[in-house]
Structures are given as structure tokens and as C-alpha cells.
Amino acid sequence: MVKNKAINESAYISELAIHGIQEKKGNDIVRLDLRNIFSSVSDYFVICHADSSTQVRAIAGSVEDEIYKATGQEPWRKEGLEYSEWILLDYIDVVIHVFRTDKREYYGVEDLWGDAEIKNYRSA
């Protein structure tokens, strides 16, 4: 039963992250469901991009705000704030990747997890 609670919580956090991204007009939002992949590092990856470093920072801030307001959780780890080309927000079971457009194309994170179930979302 505890596992279901954790999975439901991770799905909820991923949805909050998507809402935070949509609030700041993030582009090409996808959620990778990694739960059925043996070597996965978390339950979900949420990925998006923006055209400027300023928007990348704004999206990351919006995601943090949405998750904190709803759950009181801060990210376990944050990376990439200095240059804002690829900001990673790690909530253990959910990892949010906010890329600048050119960096998303370069790193191709979705391609690394080709076995994941992918769900696309529209920007708000």
C-alpha cells in the first residue's frame, strides 16, 4: 500500500510541475513515465524548453512555487541555476528538466529513455 501512495504522490508532483511550466509558457512539455523501466532513477521526468535563459529561470521558479504551495516540498537538489541553460529540479521520484531550446536539442534526454511511456502536454 505504501508503494501506491508514493506512486500517486509522484504522479501528483509531476502534474504540479506541468502546471508550473504551463504558467510560464514552457514549450513542448512532455512527461516520461519511467516506473516500468528496470534501471530508472525516478518515477517521472518532466521536460520542457524555453527560448531564453530568463524564461528558463522563470519556469523553474514557477515549478518550485507550485509544488511548494501544494505539498510544502522543496527540491532535494537543484542544478544549473548559474547559467540557466538546463535547470534540473530533483524531487527524488520526479525530476524536472527545463532546457533552453538549443540545449534540449543537443542533449536529447527523451531519446535516452526511449522505452518510457511519453505523454505530451500543451502550453497554457
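You'll find the structure just up there.
In this report, the structure presented in the accompanying data block is examined. (Residues numbered from 1 in each chain as written. Predicted model: local features only at pLDDT ≥ 70, side-chain atom pairs only at ≥ 80, totals over all residues. Heavy atoms only, no water.)

## Details of the pairing of strand β2 (residues 44–50)
Here is the rule: Partly exposed residues are those whose accessible area sits between 20% and 50% of the maximum for their type, while under 20% is buried and over 50% is exposed, using a 1.4 Å probe and protein chains only. Every helix listed is a DSSP run of H or I at least four residues long, and every strand listed is a run of E at least two residues long, numbered separately from the N terminus. Pairing between two strands is assigned when DSSP locates at least 2 bridges connecting them.
Buried residues dominate β2, accounting for seven of its seven residues. Burial of β2 is two-sided: the residues Tyr44, Val46, Cys48 and Ala50 facing one way and the residues Phe45, Ile47 and His49 facing the other way are all buried. One ladder, built from seven bridges, connects β2 with strand β5 (residues 94–100); its direction is parallel. In the strand pairing of β5, His49 is matched with Phe99.

## A word on the pattern of salt bridges
What counts here: Here a salt bridge means any side-chain nitrogen of Lys or Arg lying within 4 Å of a carboxyl oxygen belonging to Asp or Glu.
With the rule as written, the count across this model stands at ten salt bridges. Residues Asp33 and Arg35 are paired through a salt bridge, measuring 2.5 Å at the closest nitrogen-oxygen approach. Residue Asp33 is classed as buried on the basis of its relative accessible area of 9%. Residue Arg35 is classed as partly exposed on the basis of its relative accessible area of 36%. Beyond isolated ion pairs, a larger network of salt bridges with shared partners links Glu85, Arg100, Asp102 and Lys103.

## A few points about the nonpolar core
Keep this limit in mind: Nonpolar cores were defined as sets of buried Ala, Val, Leu, Ile, Met, Phe, Trp, Tyr and Cys residues, with membership established by side-chain atoms within 4.5 Å. In what follows, residue pairs with any heavy atoms lying within 4.5 Å of each other are defined as contacts.
Formed by 23 residues in total, the largest nonpolar core has its most connected members in Ile21, Val63, Ile67 and Ile96. Looking at this core, the elements with two or more residues in it are α1 (2–23), β2, α2 (53–71), β4 (86–90) and β5. Sort the elements by how many residues they give to this core and α1 lands first, with six residues. If we ignore the near neighbours within four places in the chain, the residues touching Ile21 are Gly26, Ile29, Val46, Cys48, Ile59, Val63 and Ile96. The next biggest cluster of nonpolar side chains, apart from the first, holds twelve residues, and it includes Leu34, Ile37, Val95 and Val109.

## Regarding the sheet that holds strand β1 (residues 27–33)
In plain terms, the rule: Only the stretch in contact is used when a helix axis is fitted, and all axes are lines through C-alpha atoms; the angle between N-to-C directions ranges over 0 to 180 degrees.
The strand order β3-β4-β5-β2-β1-β6 describes an open sheet built from six strands, whose pairing is mixed. Of all the strands in the sheet, the pair left with one neighbour each is β3 (77–79) and β6 (117–121). The average undirected angle you get between the axes of adjacent strands in this sheet is 15°.

## Brief notes about the environment of Ile37
On the secondary structure map, Ile37 appears in the loop between β1 and β2. Judged by its relative accessible area of 14%, Ile37 is buried. Linking Ile37 and Asn8, residues 29 residues apart in sequence, is a C-alpha distance of 17 Å. Not counting residues up to four positions away in its chain, the partners in contact with Ile37 are Trp113, Asp115 and Ala116.

## Re α2
Condition: A helix's residues, less one, multiplied by 1.5 Å, set its expected span.
A rise of 1.5 Å per residue sets the reference length of α2, with its 19 residues, at 27 Å; its end C-alpha atoms lie 27 Å apart and thus fit the reference within 8%. Within α2, burial applies to Ser53, Gln55, Val56, Ile59, Ala60, Ser62, Val63, Glu64, Glu66 and Ile67. Following α2 by one or two positions, Gly72 has its phi on the positive side, about 75°.

No statement about biological role is implied by the geometric values presented.
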